[in-house]
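# Breakdown of the fold
Chain by chain, the residues:
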Amino acid sequence: MIELRNLSKSFVTAEGPVDALKRVSLTIHDGDIYGIIGMSGAGKSTLVRCINMLERPTDGAVIWDGTDLGKLSKKEIQQVRHQITMIFQSFNLLTQRTCLENILLPLKLTHVPRAKARARALELLETVGLPDKANAYPAQLSGGQQQRIAIARALATNPKVLLCDEATSALDPKTTHAILDLIRDINRTMGITVIVITHQMSVVQEICNRVAILENGAVAEEGEVSQVFSNPKAQATKALVYPDVAKGMEPDAGENAQNVRVVFQGNDASKKPMIASMAIDCQIAATILSATTRTLNGKAYGNMLLRIPGGPDELARAVKYLSAEPNVVVQVDAEYTPEEAQHE
């Protein structure tokens, strides 16, 4: 388990001190795939560098399995980094060394016998799906293949924690999905705790079980991914979950109409269209104002902003109908809540 206790980090710049992190407290349990998300400058990369002590916190503590990492010597920290490894957006492979040699590097540094190290490296090439790339050089590989080699290198020392700092930001969507599948499989089969640093909400939704949203160096919101994204409370979270609102695109409902937001948390996408069904079953023809939804393994995720015509009676019937769908959350204006609609 990793505990961040009131973690703070300040830097001195020409313009004066900058507080990159402000009393961040988080608990990351063994086996988690934990997402840390925020806009540029929120403090994400500083936070991940503090976790493995590449940056020493100004205040607070990083506790790993009961050990305060801030109290360890430089040599002891080097040993810890074999157990808390890291992959980066830019892959950070040595271009003059083959893929096999890149994976062997941390094993050489830990003085693993050559034959054992080579066997381990070849095994990891199999794990990441590139058994034929042992003698290839990084420049001969695609971006996704380079990241797979970087993951293999990070796994060489049998770590307990894998830090992913914007690891898919330089990749196209299809390759990103493949890399996330690999990371999820590693988490499941090897029991490695994964911490994902990203600015992409889709990455967190696809792979993480818990998430913390950073804003200006502080935690704005934290919890289970499904709960945080279905009912965001902090403005920073809403800006990530509902980009239409963040851009000032939330339209007015207008006279005799009200807006509701439908959040899909794994609804069965193979069923008949929900909005069309409501029009047929309830005679309520809702207008779709905006939608950010996608389908994963036959399940719908995301949210949709609807305009419901009519008054309170129509709104009540619409909310009741939509809320009856499994894995769907309906959010309405404060004057008229889903609880009120259920009692109409």
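Preceding block: the structure.
### A look at the sheet that holds strand β1 (residues 2–13)
- Here 4 strands make up an open sheet; going across it, the order is β2-β1-β4-β5 and the pairing antiparallel. Every other strand in the sheet has two partners, leaving β2 (16–28) and β5 (67–68) as the edge strands with one partner each.
- Inspection of the sheet shows β1 paired to β2 by 9 bridges, in the antiparallel sense. Residue pairing in the sheet places Glu3 in a bridge with Thr27 of β2.
- On the sheet, helix α1 (residues 44–51) packs against β1, β2 and β4 (59–64) and is oriented at approximately 120 degrees with respect to β1.

### Here we look at the pattern of salt bridges
- Under the criterion given, the structure shown has 8 salt bridges.
- In this structure, Arg120 and Glu123 form a salt bridge, with 3.5 Å as the shortest nitrogen-oxygen distance. On the criterion of helical spacing, the pair formed by Arg120 and Glu123 is a turn pair, its members being 3 residues apart in helix α4 (residues 114–127).
- Of the charged contacts in the structure, one is a salt bridge between Glu224 and Arg210, with a shortest N-O distance of 3.1 Å. With Glu224 in strand β10 (residues 218–224) and Arg210 in strand β9 (residues 210–215), this pair connects stretches of sequence that are 14 residues apart.
- By sharing partners, the salt bridges in this structure join Lys9, Arg49 and Glu55 into a single network.

Definitions and cut-offs
- Residues numbered from 1 in each chain as written.
- Predicted model: local features only at pLDDT ≥ 70, side-chain atom pairs only at ≥ 80, totals over all residues.
- Heavy atoms only, no water.
- Pairing = 2+ DSSP bridges.
- Helix = DSSP H or I, 4+ residues; strand = E, 2+ residues; numbered from the N terminus.
- Contact = heavy atoms within 4.5 Å.
- Axes fitted to C-alpha atoms, helices over the stretch in contact; angles between N-to-C directions.
- Salt bridge = Lys/Arg side-chain N within 4 Å of Asp/Glu carboxyl O.

Remember, this is a structural readout, not a statement about activity or role.
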